[in-house]
Amino acid sequence: VQLQASGGGLVQAGGSLRLSCAAPRMITSVFNTYDMGWYRQTPGKERELVAVIGASGITDYLDSVKARFAISRDSSRKTVSLRMNSLKPDDTGVYYCYAKRGLSTDWGQGTLVTVSS
């Protein structure tokens, strides 16, 4: 599965960003069977799961981003988006989208999010 991530950048604390992860070559009916989500990696810290949206549409979030981040999926565009509001410097990191079905997980390239204080 080829995943194309975009939307990272530099933002001041309190600002917003929207990350997108597209699977342009995936058939829509197959896209709908994958759990999708975002991890982030920060130097010196363990990789952490930020948000996930299941094939059923059920979502889950890292505690520290709940009420600030929202993940959604658009089957017609075969895209998963992560809306990030009220960003904090601690949200800085490289964000990786993934697609998981069964034992198979595919990754997009990372997109850097930098939140300045």
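Keep in mind that this is a model prediction, so the values were computed, not measured. (Residues numbered from 1 in each chain as written. Predicted model: local features only at pLDDT ≥ 70, side-chain atom pairs only at ≥ 80, totals over all residues. Heavy atoms only, no water.)

J.: Whenever I open this one, the sheet that holds strand β7 (residues 69-74) confuses me. Can you help?
T.: To summarise the sheet geometry, strands pair through backbone hydrogen bonds and adopt either a parallel or an antiparallel arrangement. Strand order in the open sheet formed by four strands is β1-β3-β8-β7, with antiparallel pairing between adjacent strands. Every other strand in the sheet has two partners, leaving β1 (4-6) and β7 as the edge strands with one partner each. Direction aside, neighbouring strands of the sheet carry axes that sit 15° apart on average. Note: strand β3 (residues 17-22) against strand β8 (residues 79-84), six bridges, orientation antiparallel. What sits directly across from Leu 19, in β8, is Leu 82. (Pairing = 2+ DSSP bridges. Helix = DSSP H or I, 4+ residues; strand = E, 2+ residues; numbered from the N terminus. Axes fitted to C-alpha atoms, helices over the stretch in contact; angles between N-to-C directions.)

J.: Can you walk me through the pairing of β7 in this structure?
T.: The side chains of a regular strand alternate, residue by residue, between the two faces of the sheet. Burial along β7 is one-sided: Phe 69, Ile 71 and Arg 73 are buried, while Ala 70, Ser 72 and Asp 74, pointing the other way, are not. Two elements, β7 and β8, share six bridges in a ladder whose sense is antiparallel. The partner of Ala 70 across the bridge, within β8, is Arg 83. Hairpin connection of β7 to β8: four residues between the antiparallel strands, including Lys 78 at a positive phi of 50°. (Buried < 20%, exposed > 50% of the residue type's maximum accessible area, 1.4 Å probe, protein only.)

J.: Sorry, what's going on with the pattern of salt bridges here?
T.: Side chains that differ in sign of charge can pair as their charged atoms come close. By the definition in use, this model includes six salt bridges. The residue Arg 40 makes a salt bridge to Glu 48 at a minimum N-O spacing of 2.7 Å. Here the two residues Arg 40 and Glu 48 agree in accessibility, since each one is buried. For Lys 45, the salt bridge is made with Glu 48, and the minimal N-O distance between the two is 3.9 Å. By relative accessible area, which is 43% here, Lys 45 ends up partly exposed. Each of Arg 40, Lys 45, Glu 48, Arg 68 and Asp 91 takes part in one network of salt bridges that share partners. (Salt bridge = Lys/Arg side-chain N within 4 Å of Asp/Glu carboxyl O.)

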